[in-house]
Amino acid sequence: MTQHWRLDDTRQTLVLAATGGRCPCVIYWGAPLSLDEDLAQLTASLTLDVTGGMLDENPDLSLCPETARSFPGQPGLTLRGDNGAPLNAAFALHAVDQTDTTLTVTCKDTPHGLEYVAHFALDPDTHVIAMTATLRSARPLHLTWLAAPVLPAPQHADEMIDFAGRWCGEFQTVHTPWSAGIRTRENRTGRTGHEHFPGLLLPCRGATNTSGEAYALHYGWSGGHRMIAEELPDGRRQIQFGHAPDTDPQPATEFRTAPLYGTYSAQGLNGCALSFQRHLRDRIVPWATPTRPVHYNCWEAVYFDHDLPTLMDIATRAAALGAERFVLDDGWFGRRDDDTTSLGDWQVDPRKYPDGLGPLIDHVRAQGMGFGIWFEPEMINPASDIYRAHPDWVLGAPDQVLGRQQMVLNMALPQVRAYLYDKIAAVLRAHPIEYIKWDHNRVLPHADAAQTRGTYALLDQLRASFAHVEIESCASGGGRIDFGILARTQRVWLSDSNDALERLKIQLNAALFLPGAVTGSHVGPRRCHTSGRTLDMGFRAWVAAQRHMGFEMDPRELTDPEISTLRDVTQWWKDNRDWMWHADILRLDSADTAVIAEQQLAQDGARFVVFAGQAATSDQIVPRPLRLTGLAPQARYQISLRNRDAVTALSRGAMPLKDGPLTLTGAALMQHGVRLPWCYPETLWVLEGQRL
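Below you will find a few notes about this structure.

Definitions and cut-offs
- Residues numbered from 1 in each chain as written.
- Predicted model: local features only at pLDDT ≥ 70, side-chain atom pairs only at ≥ 80, totals over all residues.
- Heavy atoms only, no water.
- Buried < 20%, exposed > 50% of the residue type's maximum accessible area, 1.4 Å probe, protein only.
- Helix = DSSP H or I, 4+ residues; strand = E, 2+ residues; numbered from the N terminus.
- Contact = heavy atoms within 4.5 Å.
- Phe/Tyr/Trp six-rings, centres within 6.5 Å; stacked < 30°, edge-to-face > 60°.
- Axes fitted to C-alpha atoms, helices over the stretch in contact; angles between N-to-C directions.
- Parallel < 35°, antiparallel > 145°, perpendicular 65-115°, else oblique.
- Left-handed = near helix turned anticlockwise from the far one by under 90°.
- Nonpolar A, V, L, I, M, F, W, Y, C, P; charged D, E, K, R; others polar.
- 1 Å grid on protein atoms, 1.4 Å probe; cavity = no way out; pocket = protein on both sides within 12 Å on 5 of 7 lines; lining within 4 Å.
- Points joined across faces, edges and corners; volume = space filled by probe spheres on them.
- Polar contact = N/O pair within 3.5 Å; in protein donor to acceptor, adjacent residues only side chain to side chain.
- Pairing = 2+ DSSP bridges.
- Expected span 1.5 Å × (residues − 1).
- Arc of directions from axis to C-beta.
- Core = buried A, V, L, I, M, F, W, Y, C linked by side-chain atoms within 4.5 Å.
- Salt bridge = Lys/Arg side-chain N within 4 Å of Asp/Glu carboxyl O.
- Lys, Arg positive; Asp, Glu negative; His and termini not counted.

Before going further, it helps to examine helix H5 (residues 358-366). All buried positions along H5 are accounted for by Gly358, Leu360, Ile361, His363 and Val364. Where H5 is buried, its residues touch helix H4 (308-321), strand E21 (325-328) and strand E22 (370-375). Remark: Gly368 follows H5 within two positions and exhibits a positive phi of approximately 85 degrees.

On inspection of all chains with the given rule, the structure shows 30 aromatic pairs. Centre to centre, the rings of Phe91 and Tyr116 are 5.6 Å apart; their planes meet at 35 degrees, and the pair counts as tilted. One end of the pair, Phe91, is in the loop between strand E5 (86-87) and strand E6 (92-98); the other, Tyr116, is in strand E8 (residues 114-123), and 25 residues separate them in sequence. Tyr116 carries the same exposure label as Phe91, and that label is buried. With centroids separated by 6.2 Å and ring planes inclined at 55 degrees, the aromatic side chains of Trp346 and Trp374 adopt a geometry described as tilted.

Let's shift gears to the packing of helix H10 (residues 537-544) against helix H11 (residues 560-581). Direction vectors running N to C along H10 and H11 enclose 20 degrees, while the axes themselves pass 9 Å from each other. One way to sum up the angle between H10 and H11 is to call them roughly parallel. The element H10 and its partner H11 pack so that their crossing is right-handed. Counted together, Met537, Gly538, Arg540, Ala541 and Trp542 of H10 and Glu562, Thr565, Leu566, Val569 and Trp572 of H11 form the full contact between these two elements. A breakdown of the residues in the contact of H10 with H11 according to their chemical character gives 6 nonpolar, 2 polar and 2 charged.

Let us look at the layout of surface pockets. As a volume, the largest pocket reaches approximately 1000 Å³. Around the largest pocket, the lining is made up of 35 residues, and of these Val26, Ile27, Leu46, Leu48 and Arg236 lie nearest the centre. Elements with a contribution of two residues or more to the lining of the largest pocket: strand E2 (13-19), strand E3 (25-30) and helix H1 (39-45). With 6 residues, the top contributor of residues to the lining of the largest pocket is E3. Here the residues of the lining of the largest pocket are counted per class, giving 19 nonpolar, 9 polar and 7 charged.

For the rest of this paragraph, the subject is the side chain of Ser651. Mapped onto the elements of the fold, Ser651 is located in the loop between strand E33 (636-641) and strand E34 (662-665). Of note is the side chain of Ser651, whose polar atom sits 2.7 Å from the side chain of Lys658. Not counting the four nearest positions on each side in its chain, Ser651 is found in contact with Lys658, Pro677 and Trp678.

Take the sheet that holds strand E17 (residues 237-243) next. As summarised here, the arrangement of the 4 strands in space is E10-E17-E16-E13, forming an open sheet in which the pairing is antiparallel. Each of the sheet's edge strands pairs with one partner strand only, and the pair in question is strand E10 (151-152) and strand E13 (181-187). Of the strand pairs in this sheet, E13 and strand E16 (residues 225-231) are connected by 7 bridges, and their pairing is antiparallel. Bridging from a neighbouring strand, Asn187 pairs with His225 of E16.

Bringing unusual backbone geometry into the picture now. A negative phi holds for most residues other than glycine; trans holds for most peptide bonds. Here Phe171, not a glycine, exhibits a phi torsion of approximately 55 degrees, which is positive. Counting through the fold element by element, Phe171 comes out in the loop between strand E11 (159-164) and strand E12 (172-177). In this model, Tyr303 sits at a positive phi of 50 degrees, which is unusual for a non-glycine residue.

The end-to-end C-alpha distance of H4, which contains 14 residues, comes to 20 Å, matching closely the 20 Å that a straight helix rising 1.5 Å per residue would cover. If you check which residues of H4 are buried, you get Thr310, Leu311, Ile314, Ala315, Ala318, Ala319 and Leu321. Around the axis of H4, the buried residues are gathered within 165 degrees of arc, so they sit on the same side. If you follow the buried residues of H4, they end up packed against strand E20 (295-297), helix H3 (299-302), E21, H5, strand E29 (548-551) and H11. Looking at the residues trailing H4, positive phi occurs at Gly322, about 120 degrees.

Time to look at the environment of Gly605. Relative to the assigned elements, Gly605 resides in the loop between strand E31 (595-601) and strand E32 (607-614). Residue class for Gly605 comes out buried when judged on its relative accessible area of 13%. Distance from Gly605 to Leu280, taken between C-alpha atoms, is 20 Å for residues 325 residues apart in sequence.

On to the sheet that holds strand E27 (residues 491-493). Strand order around the closed barrel formed by 8 strands is E20-E21-E22-E25-E26-E27-E28-E29, with parallel pairing between neighbours. With strand direction ignored, the average angle separating the axes of adjacent strands in the sheet is 30 degrees. Pairing between E21 and E22: 4 bridges, direction parallel. Paired with Val327 across the bridge in E22 is Gly372. Relative to the sheet, H10 contacts strand E28 (519-523) and E29, its axis offset from that of E28 by approximately 165 degrees.

Moving on to empty space enclosed by the protein. Under the criterion given, the structure shown has 8 cavities of 30 Å³ or more. There is about 120 Å³ of room inside the largest cavity. As for the largest cavity, its lining consists of 15 residues, of which Val595, Gln614, Pro623, Arg624 and Leu676 are closest to the centre. If you tally residues by element for the lining of the largest cavity, the top one is E32, at 3 residues. Here the residues of the lining of the largest cavity sort into 10 nonpolar, 3 polar and 2 charged.

For the rest of this paragraph, the subject is the nonpolar core. Ranked by internal contacts, the top residues of the largest apolar core, which has 170 residues, are Phe326 and Trp332. If you tally residues by element for this core, the top one is strand E9 (residues 128-146), at 9 residues. Not counting residues within four places of it along the chain, the set of residues in contact with Phe326 comprises Tyr296, Cys298, Leu311, Ile314, Ala315, Leu360, Val364, Met369, Gly370, Phe371 and Gly372.

With that out of the way, let us pick up the pattern of salt bridges. Here the structure, examined in full by the defined rule, presents 42 salt bridges. Ionic pairing is found between Arg237 and Glu231, a salt bridge with its closest N-O pair at 2.8 Å. Each member of the pair, Arg237 together with Glu231, is buried. As a salt-bridge pair, Asp282 and Arg281 come within 3.0 Å of each other at their nearest N and O atoms. In this structure Asp282 comes out as partly exposed when scored by relative accessible area, which is 35%. Relative accessible area serves as the criterion here: at 2%, Arg281 is assigned to the buried category. Counted as one network, the salt bridges with shared partners bring together Lys108, Glu115, Arg136, Glu254 and Arg256.

Once that is clear, we can look at the side chain of Arg442. With respect to the secondary-structure elements, Arg442 resides in the loop between strand E25 (435-438) and helix H8 (449-465). Here Arg442 sits buried without a salt bridge, and the closest side chain of opposite charge, Glu376, lies 8.2 Å off (N-O distance). A polar side-chain atom of Arg442 sits 3.3 Å from the main-chain carbonyl oxygen of Val401. Engagement of the side chain of Arg442 in a polar contact is seen with the backbone oxygen of Gln406, the distance being 2.9 Å. Leaving out residues up to four positions away in the same chain, Arg442 has contacts with Arg191, Met379, Gln400, Val401, Leu402, Gly403, Gln406, Met407 and Val408.

Spelled out as structure tokens, the structure:
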């Protein structure tokens with residue numbers, strides 16, 4: 001006998017089936033099926049044949065594939081008993097509870113005293129399915145691996161896209177052809193990582209940014225994680241995500257995965273991106289403020305050299321440029337003159353601030369700005385008072401390799417969390433602080449799930465006490481970006497690179513998962529401190545204006561023309577930030593590989609802005625047409641080039657966009673596109689559109 005269950009929204013259907021009372025399988029996930037679809041016939045149509053060299057029956061690719069049932073691929077669960085011997089579970093279906101938007105499957109292995117629970121929650125508005133797995137045991141067991149509910153990968157896909165990266169080079173897409181065997185990505189750094197963002201795209205054959213079928217997955221966990229994409233000898237494909245193996249080393253009676261978020265799109269990769277952006281922004285992030293103030297961060301202006309008159313001067317200049325929040329970065333505490341000392345000693349340095357932070361904060365607020373401050377709570381320097389008092393608070397061996405001259409506090413210890421809460425809370429209570437930049441500048445000595453849970457607990461405690469304080473997740477840039485940390489923070493520092501050219505691609509790829517409202521982007525120094533590249537103010541400012549805008553240069557270096565340009569772009573961003581907060585960021589399929597382009601479209605479709613970055617010299621002489629997306633074909637749109645003052649003398653043609661607006665239908669803009677003026681590399685065109 002076969003039982004069936006389904007979840008539906010307007011864009012997708014998910015069908016589970018259980019045969020012979022075994023653990024259910026996902027037998028269908030894709031475009032909506034008819035509500036009267038015969039699911040028994042659907043199941044029958046998907047039955048695999050059996051031929052030579054095979055078992056007499058194909059083992060199930062279930063929600064938790066089981067070794068005990070001769071599953072030929074990677075199992076969804078690997079356990080050891082209290083004596084260290086492998087324990088091979090075989091689950092039987094026990095119960096299924098269903099609502100219109102949720103499905104909870106409970107399976108049991110009675111001889112081993114195990115209960116497995118898979119939970120699916122479908123958001124009908126964002127079209128994201130959140131999936132978790134929980135394992136319970138009658139006695140303590142050792143867990144090596146527990147996958148979130150296991151999903152089949154599409155058969156009509158030729159490749160998968162996952163993400164690599166490095167410091168100042170996050171969100172690099174990696175395209176891997178499907179083939180027999182396993183592709184595994186395993187992150188054992190103990191944080192989300194620059195190197196292995198826990199996301200996977202599964203474009204079906206012929207899919208582009210704007211059209212075709214695609215699937216996307218994200219594992220919402222801020223610690224070590226593992227991804228498995230496997231094609232079995234019989235041709236079936238499976239996807240597994242979970243915590244990195246053996247990161248819960250202590251025996252326990254309950255284990256739980258983080259949520260695995262999934263979505264299906266018939267509108268290409270943009271459909272997946274739209275769902276993730278909306279779900280993160282509208283369902284997960286605990287917003288603390290009703291708007292997005294323009295930031296000024298002092299790090300690249302002064303580094304550790306904190307001098308009160310200098311900082312006041314910089315604050316005054318930043319406010320005059322349009323900044324609305326001043327963030328005091330590393331160097332304000334202990335005896336922090338460089339990165340070798342004082343992490344963990346969260347008291348104001350009386351040498352630099354003899355009257356405390358009050359005079360600086362008062363000055364900042366007098367300029368009309370809010371005040372933010374930097375912490376790196378999970379870290380500790382050996383050269384610190386707190387390390388000398390509590391060396392036993394450190395995670396890992398005493399002789400471990402240091403990272404940025406620092407070690408890691410063991411966040412699983414309640415006394416560590418209590419100490420950090422008291423120190424941070426004391427600073428927040430003493431001053432009108434509205435923002436924390438929360439940093440994490442080294443990998444862990446070893447991956448440890450309890451470390452991540454401890455950090456979550458501290459963040460949850462601070463948010464309960466200081467709900468008005470906004471928190472940014474920074475980890476040497478984009479080393480801790482995921483839906484788990486963003487359930488407790490409101491902003492991410494996408495990359496330590498303020499190089500606008502590098503940022504173009506990082507921001508575009510990150511928007512496959514992240515909305516602009518959470519993504520910090522700053523105007524850096526004229527000569528970038530991480531790449532050495534020199535870029536003009538117009539390019540730097542417009543790239544920052546693509547996301548949550550801020551400044552991080554020394555304003556004292558700016559020329560009058562640079563000041564004028566930065567003020568203009570900043571005012572444009574302020575004028576547009578409210579609708580851009582809720583805009584969908586859509587990737588454009590550029591016919592020119594030298595052009596990196598995106599379109600931010602208001603949710604009501606009434607307006608949009610296109611950012612088209614000339615990242616390199618094109619092969620052809622003049623620009624190819626750039627096709628837009630997501631518009632109403634019959635509607636008419638007025639388009640105008642916002643920064644046409646950037647047209648150079650070498651652009652000599654009589655193009656109407658250089659002089660004023662054009663009016664075209666959505667069909668024309670999407671099918672033919674629009675030609676932009678010729679420009680030098682390292683130029684960003686800004687094309688505004690309004691539906692008439």
